[in-house]
Amino acid sequence: MANNEESRGLKSLLDWFANRRKSGNTNLDRQEREIADGLWHKCPECGVLSYTKDLKANQMVCAECSHHNRVHSDERIRQLIDANTWTSMDENLRPTDPLGFRDRKPYSDRLRETQEKIGLTDAVKTGLGQINGLPIALGVMDFRFMGGSMGSVVGEKLTRLIEQATQRRYPVVIVCTSGGARMQEGMLSLMQMAKISAALQRHQDARLLYIPVLTNPTTGGVTASFAMLGDIIIAEPKATIGFAGRRVIEQTLREKLPEDFQTAEDLLKHGFVDEIVPRTQLKHTLTQLISLHQPMPIAVNMVLLAGT
């Protein structure tokens, strides 16, 4: 069955190239291109064509060069959370336009257009679920929503998630991807850094685990707050991680930065990241870390204390 699908996909791709050369019909050419684009994916790193179904089966990681393509929040949740265990939280929270902000168009229009285009209310999805049978509180940021920027709703949803995890004594995992604080909300967006950090401090005071997973890119106010406050900080390979942009730093310092500057590998070398984990191994690694940091049963704890 799989071989038949691959044969049809290859035939569709060859037909597309043939029609592109023969036909002067722009609409037909566009239609064939869309069909080909749906069946095949060209790796932006190595240029290899991959059958889309195979790429998704490998969690959007290129089998040729291991390039980690960006994945959306829904797909990330499917990759990490056991089937039929996900309970979404605060789906009805929606951003407003408290400052009446306008650049080329009103902020309220940008919000409405983005919500209609991608089907999300804001740049993060939060909820409770299980990872290989272990309970977990998970937040997943989505770069499609205004560059994963952190506004009031992102801050509120993550804070509520952490507080719920503290109450239930669940570990927290936040998959980060962001361009930073949302400028259209001004000071209100910057306040979210302190609010989320305070909730994490209470979570850690309760001796509970927090693991941020830094994906490409993780920058700005997110990096300056909850992305770097984990007990164990994990990053995906070659992810861009930093605060200010590379160009801004180069212009400020007036010197050329190394090619690997602000990469996950560079941060690991300098001690800002604890481990780089390929996406295909992430669920297994998180399961191991959560298992090792599970609170001991009271009876076991009493036996250990008696032995001392």
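Residues numbered from 1 in each chain as written. Predicted model: local features only at pLDDT ≥ 70, side-chain atom pairs only at ≥ 80, totals over all residues. Heavy atoms only, no water.

The name given to the chain in an unreviewed UniProt entry is Acetyl-coenzyme A carboxylase carboxyl transferase subunit beta, with Cylindrospermopsis curvispora GIHE-G1 as the source organism. Entered under Pathway (unreviewed entry) in the UniProt record, the comment concerning the chain runs "Lipid metabolism; malonyl-CoA biosynthesis; malonyl-CoA from acetyl-CoA: step 1/1." What the UniProt record of the chain gives under Catalytic activity (unreviewed entry) is the line "N(6)-carboxybiotinyl-L-lysyl-[protein] + acetyl-CoA = N(6)-biotinyl-L-lysyl-[protein] + malonyl-CoA". (UniProt positions renumbered as here; feature names shortened; annotations may be inferred.)

K.L.:
When you look at the overall build of the chain in this model, what are you seeing that I'm missing?
P.N.:
The number of helices and strands found in the chain is 12 helices and nine strands. With 308 residues in all, the chain has 43% of them scored as buried. Sequence-distant contacts, at least 24 apart, represent 67% of the contacts inside the chain between residues at least 6 apart. Put simply, the chain shows about 16800 Å² of open surface, and 53% of that area lies on carbon and sulfur atoms. (Helix = DSSP H or I, 4+ residues; strand = E, 2+ residues; numbered from the N terminus. Buried < 20%, exposed > 50% of the residue type's maximum accessible area, 1.4 Å probe, protein only. Contact = heavy atoms within 4.5 Å. Areas by Shrake-Rupley, 256 points an atom, 1.4 Å probe, with all protein chains shown as cover.)

K.L.:
Would you mind showing me how to read the layout of surface pockets here?
P.N.:
Regions of empty space are outlined by a rolling probe, equal in size to a water molecule, passed over the atoms. There is about 330 Å³ of room inside the largest pocket. What lines the largest pocket is a set of 24 residues, and nearest its centre among them are His68, Asn69, Asn216, Glu236 and Arg279. Contributing elements (two or more residues each) for the lining of the largest pocket: strand E5 (134–141), strand E6 (172–178) and strand E7 (210–218). Here the residues of the lining of the largest pocket sort into eight nonpolar, eight polar and eight charged. (1 Å grid on protein atoms, 1.4 Å probe; cavity = no way out; pocket = protein on both sides within 12 Å on 5 of 7 lines; lining within 4 Å. Points joined across faces, edges and corners; volume = space filled by probe spheres on them. Nonpolar A, V, L, I, M, F, W, Y, C, P; charged D, E, K, R; others polar.)

K.L.:
Just to check I follow, could you spell out the nonpolar core for this structure?
P.N.:
Within soluble globular proteins, side chains that are nonpolar generally end up buried alongside one another. Of all hydrophobic cores here, the largest spans 36 residues; its most connected members are Leu158, Ile174, Cys176, Leu214, Phe226 and Ile241. Mapped onto this core, the elements with two or more residues apiece are helix H5 (107–118), strand E4 (124–131), E5, helix H6 (152–168), E6, helix H7 (187–205), E7 and helix H10 (264–269). In terms of residues, this core owes the most to one element, H6, which gives five residues. Setting aside residues up to four positions removed in sequence, Ile241 forms contacts with Leu214, Thr218, Thr223, Met228, Ala235, Gln262, Ala264, Leu267 and Val273. Within the second largest apolar cluster, 20 residues are counted, among which are Ile81, Leu134, Leu138 and Val140. (Core = buried A, V, L, I, M, F, W, Y, C linked by side-chain atoms within 4.5 Å.)

K.L.:
Explain the packing of aromatic side chains to me, please; I cannot follow it from the model alone.
P.N.:
Any pair of aromatic rings gets described here by the distance separating the centres and the angle formed by the planes. For the coordinates displayed, the defined rule picks out one aromatic pair. Aromatic pair Trp40 and Tyr51: ring centres 5.6 Å apart, planes at 55 degrees, arrangement tilted. A residue pair is termed long-range when its members are at least 10 positions apart, and Trp40 in strand E1 (residues 40–42) and Tyr51 in strand E2 (residues 49–51) qualify at 11 residues. Taking the relative accessible area as the measure of exposure, Tyr51 reaches 11% and is therefore buried. (Phe/Tyr/Trp six-rings, centres within 6.5 Å; stacked < 30°, edge-to-face > 60°.)

K.L.:
It is not clear to me how the packing of helix H4 (residues 73–80) against helix H11 (residues 279–292) should be interpreted in this structure. Could you clarify?
P.N.:
When two helices pack together, their arrangement is given by the angle between the helix axes and the distance between those axes. At their nearest, the axes of H4 and H11 sit 9 Å apart, and the two run at 55 degrees to each other. Classed by the angle they form, the pair H4 and H11 counts as oblique. The segment H4 lies against H11, with Arg76, Gln79 and Leu80 engaging Arg279, Leu282, Lys283 and Leu286. Of the residues in the contact of H4 with H11, the class split is three nonpolar, one polar and three charged. (Axes fitted to C-alpha atoms, helices over the stretch in contact; angles between N-to-C directions. Parallel < 35°, antiparallel > 145°, perpendicular 65-115°, else oblique.)

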